[in-house]
Amino acid sequence: MEISIGGAKLILMRGDITEQDVEAIVNAANPSLMGGGGVDGAIHRKGGPKILEECKRIRATEWPDGLPTGKAVITSGGNLKARYVIHTVGPIWRGGSRGEPELLREAYLSSLRLAASRGIRTIAFPSISTGAYGYPIREASRVALKAIKDFLETEGGLDEVRLVLFTEGDLKVYEEAAKEILGQ
Ligand code: ADP
């Protein structure tokens, strides 16, 4: 599915985030920035040690106690097709009344702002927080799409935003949410 918003393209697709030929891919990282399972593990495996080295440097300088939820940092993409990896931390789902929607929105917006501030014009996101962090995907898809829509309509600077869903089922959920939120 492809949707035009504020002069940019939003693409919803099934795929593997590590294979995307965009300028930056987003990592659903954890505060340690030291790698993990899911998307995080896949990115570090395919991207190689350079990404982890840069993450260690960021921990040693900018974020000694770890990257707070909702914030984003950037490293090179190592051996990936993407030139950069933007690492952000989504919220762990704790029932929905502990600020989860706002923090998930912040994770998307921080990543988009960081990309735009570096002159990056194409970016791909995974479904942040809906794996190990347990955020229900229906709710998460609405937050993700609304955040991206608001950014593209008001701040701009990007040409293409991809949401890369790992399964056909996840893609369907995001497409349903797009019908509601974006009127597609
Ligand atoms: P979180 O800890 O933020 O929940 P996870 O990596 O556990 O992050 O999961 C986030 C989503 O990414 C899940 O929907 C999972 O199925 C999906 N995912 C896992 N590997 C990949 C990949 N290589 N490309 C795209 N999405 C992936």
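Below or above, wherever it landed, is the structure these notes cover.

1. Describing the packing of helix 4 (residues 137-154) against helix 5 (residues 168-181)
Moving on, step 1. Packing of helix 4 against helix 5 brings their axes to within 9 Å, and their N-to-C directions diverge by 55°. Between helix 4 and helix 5, the angle falls in the class oblique. The element helix 4 and its partner helix 5 pack so that their crossing is right-handed. Across the interface between the two elements, Ile-137, Arg-138, Ala-140, Ser-141, Arg-142, Ala-144, Leu-145, Lys-146 and Lys-149 of helix 4 pack against Asp-170, Val-173, Tyr-174, Ala-177, Ala-178, Glu-180 and Ile-181 of helix 5.
Moving on, step 2. Considering only residue class, the contact of helix 4 with helix 5 consists of 9 nonpolar, 1 polar and 6 charged.

2. Some thoughts on the sheet that holds strand 3 (residues 24-29)
Two modes of strand pairing occur in sheets, parallel and antiparallel, and in both the strands are linked by backbone hydrogen bonds.
Moving on, step 1. Across the sheet, which stays open at both edges, the 7 strands sit in the order 1-2-7-6-3-5-4 with mixed pairing between neighbours. The open sheet has two free edges, formed respectively by strand 1 (2-5) and strand 4 (72-76), since each of these has just one partner strand. For this sheet, the mean inter-axis angle between neighbouring strands, taken without regard to orientation, is 25°.
Moving on, step 2. Bridge analysis of strand 2 (residues 8-14) against strand 7 (residues 160-165) gives 6 bridges, and the strand direction is parallel. Following the sheet pairing, Arg-14 is matched in strand 7 by Leu-165.

3. Overview of helix 3 (residues 100-117)
Moving on, step 1. With 18 residues, helix 3 extends 25 Å between its outermost C-alpha atoms, agreeing within 8% with the 26 Å of an ideal straight helix rising 1.5 Å per residue.
Moving on, step 2. Burial in helix 3 covers these residues: Glu-100, Leu-104, Ala-107, Tyr-108, Leu-109, Ser-110, Ser-111, Leu-112, Leu-114 and Ala-115.

4. A look at the layout of surface pockets
Moving on, step 1. Considered as a void within the structure, the largest pocket measures approximately 530 Å³ in volume.
Moving on, step 2. Considering the residues around the largest pocket, the lining is formed by 27 residues, among which Ala-28, Gly-38, Val-39, Ser-127 and Gly-131 are closest to the centre.
Moving on, step 3. Counting residues per element, the ones that place at least two in the lining of the largest pocket are strand 3, helix 1 (38-47) and strand 7.
Moving on, step 4. Per-element accounting of the lining of the largest pocket gives the leading share, 4 residues, to helix 1.

5. A word on the site of the ligand
Moving on, step 1. As a matter of local geometry, the ligand sits amid 14 residues, with Asp-16, Val-39, Ser-129, Gly-131 and Ala-132 nearest to it.
Moving on, step 2. Here Ser-129 contributes a backbone N or O atom positioned 2.8 Å from an oxygen atom of the ligand.
Moving on, step 3. Here an oxygen atom of the ligand and a backbone polar atom of Tyr-133 are 3.0 Å apart.
Moving on, step 4. Alone, the ligand offers 570 Å² of accessible surface; in the complex the protein occludes 88% of this.
Moving on, step 5. Put simply, the ligand lies in the largest pocket.
Moving on, step 6. Residue composition of the shell around the ligand, by class: 6 nonpolar, 6 polar and 2 charged.

6. Remarks on the packing of aromatic side chains
Moving on, step 1. Applying the stated criterion across every chain, the model contains 2 aromatic pairs.
Moving on, step 2. The interplanar angle of 55° and the centroid separation of 4.6 Å between the aromatic rings of Trp-93 and Tyr-135 together place this pair among those described as tilted. Of this pair, Trp-93 sits in the loop between strand 5 (84-89) and helix 3 while Tyr-135 sits in the loop between strand 6 (122-125) and helix 4, placing them 42 residues apart in sequence.
Moving on, step 3. Residue class for Trp-93 comes out partly exposed when judged on its relative accessible area of 28%.
Moving on, step 4. Tyr-135 gets classed as buried once you look at its relative accessible area, which sits at 3%.
Moving on, step 5. Seen from their ring centres, Tyr-108 and Phe-125 are 5.0 Å apart, and the 40° between their planes marks the pair as tilted.

7. Some thoughts on the pattern of salt bridges
Between side chains of opposite charge, a pair can form as their charged atoms come close.
Moving on, step 1. Inspection of the entire model under this criterion finds 14 salt bridges.
Moving on, step 2. Salt-bridge contacts for Asp-21 lead to Arg-162; the nearest nitrogen and oxygen are separated by 3.3 Å. Here Asp-21 is found in the loop between strand 2 and strand 3, whereas its partner Arg-162 is found in strand 7, with 141 residues between them in sequence.
Moving on, step 3. By relative accessible area, which is 12% here, Arg-162 ends up buried.

Thresholds, definitions, all that
- Residues numbered from 1 in each chain as written.
- Predicted model: local features only at pLDDT ≥ 70, side-chain atom pairs only at ≥ 80, totals over all residues.
- Heavy atoms only, no water.
- Axes fitted to C-alpha atoms, helices over the stretch in contact; angles between N-to-C directions.
- Helix = DSSP H or I, 4+ residues; strand = E, 2+ residues; numbered from the N terminus.
- Parallel < 35°, antiparallel > 145°, perpendicular 65-115°, else oblique.
- Left-handed = near helix turned anticlockwise from the far one by under 90°.
- Contact = heavy atoms within 4.5 Å.
- Nonpolar A, V, L, I, M, F, W, Y, C, P; charged D, E, K, R; others polar.
- Pairing = 2+ DSSP bridges.
- Expected span 1.5 Å × (residues − 1).
- Buried < 20%, exposed > 50% of the residue type's maximum accessible area, 1.4 Å probe, protein only.
- 1 Å grid on protein atoms, 1.4 Å probe; cavity = no way out; pocket = protein on both sides within 12 Å on 5 of 7 lines; lining within 4 Å.
- Points joined across faces, edges and corners; volume = space filled by probe spheres on them.
- Near = heavy atom within 4 Å.
- Polar contact = N/O pair within 3.5 Å; in protein donor to acceptor, adjacent residues only side chain to side chain.
- Areas by Shrake-Rupley, 256 points an atom, 1.4 Å probe, with all protein chains shown as cover.
- Sits in = over half its atoms within 2 Å of the grid points.
- Phe/Tyr/Trp six-rings, centres within 6.5 Å; stacked < 30°, edge-to-face > 60°.
- Salt bridge = Lys/Arg side-chain N within 4 Å of Asp/Glu carboxyl O.

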